[in-house]
There are 2 protein chains.
Amino acid sequence: MLTDTALADLRALFGDRVSVAGPVLAEHGQSESLVTAGLPDAVVFPSSTDEVAAFARWSTQHRVPLIGWGAGTSLKGHALALHGGVVVDFRHMASVIELRAEDRLVRVQPGITREALNHELRTTGLMFPVDPGANATLGGMAATRASGTTAVRYGTMRDNVRGLTVVLADGRVIQTGTGAPKSSAGYDLTALFVGSEGTLGLITELTLRLHGQPEAVATAVATFGTVSAAVDCVIATMQMGLSPARIEFLDTDTVAACNAFSGLALPLAPQLLVEFHGHSEALAEDLRRFHDIAMSHGAKDLQSADKPEDRTRLWAARHAAYRAILASRPGAKAVVTDVCVPISALAEAVEDTRADIAASGIRGPILGHVGDGNFHAILLVDPADAGEVATAKALAARMAERALRLGGTITGEHGVGFGKLGLMPAEHGAALGVMAALKHALDPLGLMNPGKVLPGQP
Amino acid sequence: MLTDTALADLRALFGDRVSVAGPVLAEHGQSESLVTAGLPDAVVFPSSTDEVAAFARWSTQHRVPLIGWGAGTSLKGHALALHGGVVVDFRHMASVIELRAEDRLVRVQPGITREALNHELRTTGLMFPVDPGANATLGGMAATRASGTTAVRYGTMRDNVRGLTVVLADGRVIQTGTGAPKSSAGYDLTALFVGSEGTLGLITELTLRLHGQPEAVATAVATFGTVSAAVDCVIATMQMGLSPARIEFLDTDTVAACNAFSGLALPLAPQLLVEFHGHSEALAEDLRRFHDIAMSHGAKDLQSADKPEDRTRLWAARHAAYRAILASRPGAKAVVTDVCVPISALAEAVEDTRADIAASGIRGPILGHVGDGNFHAILLVDPADAGEVATAKALAARMAERALRLGGTITGEHGVGFGKLGLMPAEHGAALGVMAALKHALDPLGLMNPGKVLPGQP
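Residues numbered from 1 in each chain as written. Chains lettered and ligands numbered in written order. Predicted model: local features only at pLDDT ≥ 70, side-chain atom pairs only at ≥ 80, totals over all residues.

The next subject is the relation of the copies chain A and chain B. Mapping chain A onto chain B calls for a rotation angle of 180° and an axial translation of 0.0 Å; the resulting RMSD is 0.0 Å. These values place the two chain copies in the arrangement generated by a two-fold rotation axis. In terms of C-alpha distance to the rotation axis, chain A has Ala-282 of chain A as its closest residue, with the C-alpha 2.5 Å off the axis. Here 100% of the contact residues of chain A are again contact residues in chain B; the copies associate through an equivalent surface. (Least-squares fit on C-alpha atoms with pLDDT ≥ 70 in both. Contact = placed C-beta atoms within 7 Å.)

Given below as structure tokens:
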């Protein structure tokens, strides 16, 4: 609860851009996760870095938590106000500030979504490739170190954020990075804030790397008899040094959901969707090599989608897979979880997960960005059925523990939020103490997105 | 000066692997920079992470600075014992621990050099591409966030270190990163330690990304009438989306030195050395496109080096350029400096630097990894001539200030050491306070490589 003084001070800063209205609080108290939490005490809608800095000073003065909010699409409750506090909704900071086409850079505000950014770039020959599926904001994507289908070729947000403007807990404003492609001048603060989930600072501006729109695109769909054959094909593709722009695995259950939801007629069997970007001479060779690898791994069918409309339909279906899977069990909610493992352990990780889910009695289609060892399970549960929810959570925990045993990570791209807090000690051991020391150094009062990333913090 | 007790305790830990012999101290009190500093009080030669941890506890107990030492090839005095203390020489920790070819990863100890590592990899089809020129150690390369000729395609150490074992000031040992290609589980500690120049921790193990040895290689040398034509050709090459594995600029003065030192007969004019890696179908197209771009930028001559021995000779000469330039003025020492700018500002940065050097009265060949906006000046001085030394240092400072004005960084790959301490506030502003807070959080006693990276620290 905000004190009257605190609220009055906040209104002095934001006028009618602070809200305590029930529907606004409710909107900012929801998430894609199953977890429910209390509502924030207020929501503010800043329009500049200076306003965010003033807000942080207010937060420090009144000892009120502050939580950043982009599009609300995070999956682990990243933006929920666990301890009350004020949510900072960046919807009014959603502009392209400067396009520097010659340097393949763009400066944006944090509230712009990836689709809006790419729409603005559409006539420039450039694109921002990182694509987590949801139409997330760039600020949120940086804060969660998002990646997605194209990371196998273009990298994650770690690789595509060149610099940031960050507001610290005490209202200081810092710039990280430069316009140069690389630097060895001091600590890599950009990388520290990317993936910090709003616990170290609020991102109010981003300089992003852009990439050329591909000259040509080749897409293929390969059908396999077994999950392991499909996964082994991915492993061989990566080990042979091919560089697909995307290489996505869909298990039979996912394929069935996509067929029903998006009107496709893919064979009901494990599939790989593969895409190559490049000039056409290189693409033909890439596709030929992939064809050989797929066939030698027992692909039963390999079709290339040569027409742009066919490609679009396939990738739209892939993007809709989460909704398709949800729709396949009306009324269900999903425990969505991801892990990432070394590519050599991918087959074992997927197969053991597949078997674990099959034995659990609940449905959980598996799909993922397997080119970098990253896959997801969408565990479908009746949210009113405590047994199902517990089963799904136990499955997700075992999936993360399995990933750790295989040398991987508890989350490749979804982040920690508070959904995976309990798994952090197993992954990081003593390094978690270093993370806590960094947190304390930058946010000694523990006001920035409290209760996230680091277990045992206030 | 170490107390008798401190030295006795150190000998108890390291036996005859601690040295206070004059020649050993002198060897570890030198650097490639012009700066001279006092000698370390002792040098230790650990053989395991546990020994380094015990050494760090000793350092904390006795309040003695500790300074990591790889191959001694850093250019900004990174490894000099400015305030006395003990140098940790990693020469006995120089092994490959584990090759994981199927994941394209290798675990190494910090003292292995890049040439030794690639020698061990030679029959695997894999390579570690980061190449700063000197045969540096991997630990040193990670600590300084090194890059070099191939960074334009394969990235810098930032991009190629997957995980680390780090000993903290108080002797704690942490692991960063996992074997998975990506993770969003918490703060990116790997990126924090890469480039921290031994001021936050000592790296005792590295997991590195490997890359496939290229199926085919195409090398070309293009000769231009002017510096600006050569640089504009680079800018166009990058903006057109070509992806050279290396694209190096040599000014006429550098070419003359290389011809004399390495027995080449390159035309005395600005040159670009370009290399493409890939499969042969793609390479032919890459080379054709580069040819067109070079010709449209007035290249007077474009020769491809098709024979492996010709390629080797060219790149050996490029690698020897620093020694070649030093040899071109017998008795001279060099102030070696680097900056990195946005590619759009590269022509202006190089030309203004060229003019500034020309007006200064000293010689300073320019060369660099221009594909990522990074270039070097090798400012030749008589070390006994204080005027020349001052002129060179002023030129280097203006070069860095010019890079900042153009949106770049004071150093693309050499690092800060203490040679560029004074320029850090201009680049980082308030962010320098964040770096200092991180330093204090991890090394509250200021014992790790004191006097480096952060101005105003003890």
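A separate point is the packing of helix 9 (residues 227-239) of chain A against helix 14 (residues 346-360) of chain A. Residues and elements named next belong to chain A. Where helix 9 contacts helix 14, the two axes come as close as 9 Å, and the packing angle between them is 155°. With respect to helix 14, the element helix 9 is oriented roughly antiparallel. Of the two elements, helix 9 crosses helix 14, and the hand of that crossing is right-handed. Between helix 9 and helix 14, the residues in contact are Val-227, Ser-228, Val-231, Asp-232, Val-234 and Ile-235 and Leu-346, Ala-347, Val-350, Glu-351 and Arg-354, respectively. (Axes fitted to C-alpha atoms, helices over the stretch in contact; angles between N-to-C directions. Helix = DSSP H or I, 4+ residues; strand = E, 2+ residues; numbered from the N terminus. Parallel < 35°, antiparallel > 145°, perpendicular 65-115°, else oblique. Left-handed = near helix turned anticlockwise from the far one by under 90°.)

To continue, consider the packing of helix 1 (residues 4-14) of chain B against helix 3 (residues 49-62) of chain B. To characterise two packed helices, one gives the angle between the axes of the helices and the distance between these axes. Residue and element names in this part refer to chain B. Where helix 1 meets helix 3, the closest approach of the two axes is 11 Å, and the angle between their N-to-C directions is 170°. Regarding the angle of helix 1 to helix 3, the classification is roughly antiparallel. Between helix 1, through Ala-6, Asp-9, Leu-10 and Leu-13, and helix 3, the contact on the second element is made entirely by Ala-54, Phe-55, Trp-58 and His-62. Classifying every residue of the contact of helix 1 with helix 3 by side-chain character gives 6 nonpolar, 1 polar and 1 charged. (Nonpolar A, V, L, I, M, F, W, Y, C, P; charged D, E, K, R; others polar.)

Let's shift gears to the interface of chain A and chain B. Every contact between the two is made by 70 residues of chain A and, on the other side, 70 residues of chain B. Contributions of two or more residues to the side of chain A that touches chain B are made by strand 9 (173-176), helix 8 (189-193), helix 11 (280-296), helix 16 (424-428) and helix 17 (431-442) of chain A. The element contributing the most residues to the side of chain A that touches chain B is helix 17 of chain A, with 8 residues. Class assignment of the residues belonging to the side of chain A that touches chain B gives a composition of 28 nonpolar, 29 polar and 13 charged.

With that settled, consider the nonpolar core. With 287 residues, the main nonpolar core has Val-88, Val-234 and Leu-379 of chain A together with Val-88, Val-234 and Leu-379 of chain B as its most contacted residues. Not counting residues up to four positions away in its chain, the partners in contact with Leu-379 of chain A are Ala-334, Val-335, Thr-337, Ile-362, Gly-364, Ala-392, Leu-395 and Ala-396 of chain A. (Core = buried A, V, L, I, M, F, W, Y, C linked by C-beta atoms within 7 Å. Buried ≥ 20, exposed ≤ 12 C-beta atoms within 10 Å, placed from the backbone.)

Looking now at the sheet that holds strand 8 (residues 161-167) of chain A. Residue and element names in this part refer to chain A. Overall, antiparallel pairing links the 5 strands, which are arranged 5-6-10-8-9 in an open sheet. Every other strand in the sheet has two partners, leaving strand 5 (96-100) and strand 9 as the edge strands with one partner each. Adjacent strand axes in the sheet meet at a mean angle of 10°, parallel and antiparallel pairs treated alike. Of the strand pairs in this sheet, strand 8 and strand 9 are connected by 4 bridges, and their pairing is antiparallel. When the bridges of strand 9 are listed, Val-167 appears paired with Val-173. (Pairing = 2+ DSSP bridges.)

All names here are of chain B. Across the sheet, which stays open at both edges, the 7 strands sit in the order 15-12-14-13-17-18-16 with antiparallel pairing between neighbours. The open sheet has two edge strands with one neighbour each: strand 15 (301-305) and strand 16 (333-340). The mean inter-strand angle of the sheet, taken between neighbouring strand axes irrespective of direction, is 15°. As paired elements, strand 16 and strand 18 (residues 374-381) share 8 bridges and run antiparallel to each other. Note on strand 18: the bridge partner recorded for Val-339 is Phe-375. Together, strand 13 (246-250), strand 14 (271-278) and strand 17 (366-368) form the strand contacts of helix 10 (residues 252-262), whose direction differs from that of strand 13 by roughly 95°.

Take it as geometry only, folks, not as evidence of what the structure does.
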